[in-house]
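# Per-entry structural report
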Amino acid sequence: RAVHSTMSDTAAAAENGGAAKEEKAVEWATLKEGKAEVMHKPGEAFYNKAQVQNRDLSIAVIREFIKLRERDAKAKLESGKGGAAAQAAAAAAPAGIRILEGLSATGLRAVRYAKEIPG
């Protein structure tokens, strides 16, 4: 567990018209999973521990998808199939992948994606 204050002395003084006020400490818990580490206020963030295996599996599947996509693009370029437009599109395709994680509670899955998926 780590303890962090809610705001600095300067910010607290500015909010109180220049008068320094004692800060109220906020306790933060650290949640570690895979290569990710997320801080949250205990009791305020939803974390479903039963979904750890699902998050592990989704990362493995996305990694494999990226490998397959890169292999297919390389094969298409080398074979010359698909015409000039397809060749140009395959050559210009950005490396990596974009993922929208729109239903995140703690943000843990998105942090794991960023740290554990290449590109």
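Keep in mind it's a predicted model, so treat the numbers as computed, not measured.

Looking now at the pairing of strand β2 (residues 25-33). With 5 bridges connecting them, β2 and strand β3 (residues 36-40) associate as antiparallel partners. Within the sheet, the bridge partner assigned to L31 lies in β3 and is V38. Hairpin remark: β2 followed by β3, antiparallel, with 2 residues in the connecting loop; positive phi at G34, about 60°.

With that out of the way, let us pick up the pattern of salt bridges. Inspection of the entire model under this criterion finds 6 salt bridges. Note that E33 is salt-bridged to R55, the shortest N-O span being 2.7 Å. A residue pair is termed long-range when its members are at least 10 positions apart, and E33 in strand β2 and R55 in helix α2 (residues 52-79) qualify at 22 residues. Look at E33 and you get buried, because its relative accessible area is 5%. Where salt bridges share partners, they join E33, R55, D56, R112 and E116 into one cluster.

As a further point, take the side chain of S58. Along the chain, S58 falls in helix α2. With a relative accessible area of 15%, S58 lands in the buried category. In this structure the side chain of S58 is engaged in a polar contact, spanning 3.0 Å, whose partner is the backbone oxygen of R55. Setting aside residues no more than four positions away along its own chain, S58 makes contact with R109 and Y113.

Further remarks concern the side chain of E33. Within the structure, E33 has its side chain in polar contact with the side chain of Y47 (distance 2.7 Å). In this view, E33 contacts Y47, V52, R55, L108, R112 and E116; residues no more than four positions away in its chain are not counted.

Reading the values: the criteria
Residues numbered from 1 in each chain as written. Predicted model: local features only at pLDDT ≥ 70, side-chain atom pairs only at ≥ 80, totals over all residues. Heavy atoms only, no water. Pairing = 2+ DSSP bridges. Helix = DSSP H or I, 4+ residues; strand = E, 2+ residues; numbered from the N terminus. Salt bridge = Lys/Arg side-chain N within 4 Å of Asp/Glu carboxyl O. Buried < 20%, exposed > 50% of the residue type's maximum accessible area, 1.4 Å probe, protein only. Polar contact = N/O pair within 3.5 Å; in protein donor to acceptor, adjacent residues only side chain to side chain. Contact = heavy atoms within 4.5 Å.

Geometry only, nothing functional implied.
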